[in-house]
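Letter by letter, the chains look like this.
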Amino acid sequence: MLHGDSYSDACNRAYELEKERQLTFVHPFDDPDVIAGQGTIAMEILRQQTKPIHAIFVAIGGAV
């Protein structure tokens, strides 16, 4: 679900939905389980690649 014109707008709406619908909000980047999951990506890439890796491009960010 997209909401608003910025991450802050979307995040605020997610918090509202969490309360309204008694949901559990999982932060997209500031959650220990999400961080741990993201940390396994490099290992998966290395295990699946048989040739040298010259570059990996990733999106970064996460300021609220």
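Reading the values: the criteria
- Residues numbered from 1 in each chain as written.
- Predicted model: local features only at pLDDT ≥ 70, side-chain atom pairs only at ≥ 80, totals over all residues.
- Heavy atoms only, no water.
- Salt bridge = Lys/Arg side-chain N within 4 Å of Asp/Glu carboxyl O.
- Helix = DSSP H or I, 4+ residues; strand = E, 2+ residues; numbered from the N terminus.
- Expected span 1.5 Å × (residues − 1).
- Buried < 20%, exposed > 50% of the residue type's maximum accessible area, 1.4 Å probe, protein only.
- Arc of directions from axis to C-beta.
- Polar contact = N/O pair within 3.5 Å; in protein donor to acceptor, adjacent residues only side chain to side chain.
- Phe/Tyr/Trp six-rings, centres within 6.5 Å; stacked < 30°, edge-to-face > 60°.
- Contact = heavy atoms within 4.5 Å.

**Some remarks on the pattern of salt bridges**
Right, so step 1: For the structure shown, the criterion picks out 2 salt bridges.
Right, so step 2: Note that Arg 13 and Glu 20 form a salt bridge whose closest N and O atoms lie 3.4 Å from each other.
Right, so step 3: Taken together, the shared-partner salt bridges in this structure form one network comprising Arg 13, Glu 16 and Glu 20.

**Regarding helix α1 (residues 7–21)**
Right, so step 1: Under the 1.5 Å per step criterion, the end-to-end length of α1 is 21 Å for 15 residues, consistent within 8% with the ideal 21 Å.
Right, so step 2: Turning to α1, its buried residues number three or more, namely Cys 11, Arg 13 and Leu 17. Along the axis of α1, the buried positions cluster into a sector of 160°, meaning they face one direction only.
Right, so step 3: Gln 22, located one to two residues past α1, shows a positive phi value of around 55°.

**Concerning helix α2 (residues 32–48)**
Right, so step 1: Helix length check: α2 (17 residues) gives 25 Å between terminal C-alpha atoms against 24 Å at 1.5 Å per residue, within 8%.
Right, so step 2: Measuring from the backbone nitrogen of Asp 33 back to the side-chain oxygen at the start of α2 gives 3.0 Å, which picks out Asp 31 as the cap.

**Remarks on the packing of aromatic side chains**
Right, so step 1: All chains considered together, the criterion is met by 2 aromatic pairs.
Right, so step 2: Aromatic pair Tyr 7 and Phe 29: ring centres 5.9 Å apart, planes at 45°, arrangement tilted. Taken together, the residues Tyr 7 in helix α1 and Phe 29 in the loop between α1 and α2 connect sequence positions 22 residues apart.
Right, so step 3: On the basis of relative accessible area, Tyr 7 is assigned to the partly exposed category, the value being 31%.
Right, so step 4: On the basis of relative accessibility, which here comes to 24%, the residue Phe 29 falls in the partly exposed class.
Right, so step 5: Ring centres 4.5 Å apart and planes at 45° place the aromatic pair Tyr 15 and Phe 25 in the tilted group. Linking Tyr 15 in helix α1 with Phe 25 in the loop between α1 and α2, this pair joins segments that are 10 residues apart in sequence.
Right, so step 6: Judged by relative accessible area, Tyr 15 falls into the partly exposed class, the value being 34%.

**Remarks on the environment of Val 34**
Right, so step 1: Positionally, Val 34 belongs in helix α2.
Right, so step 2: Residues contacting Val 34, with those up to four places away along its chain left out, are Val 26, His 27, Pro 28 and Phe 29.

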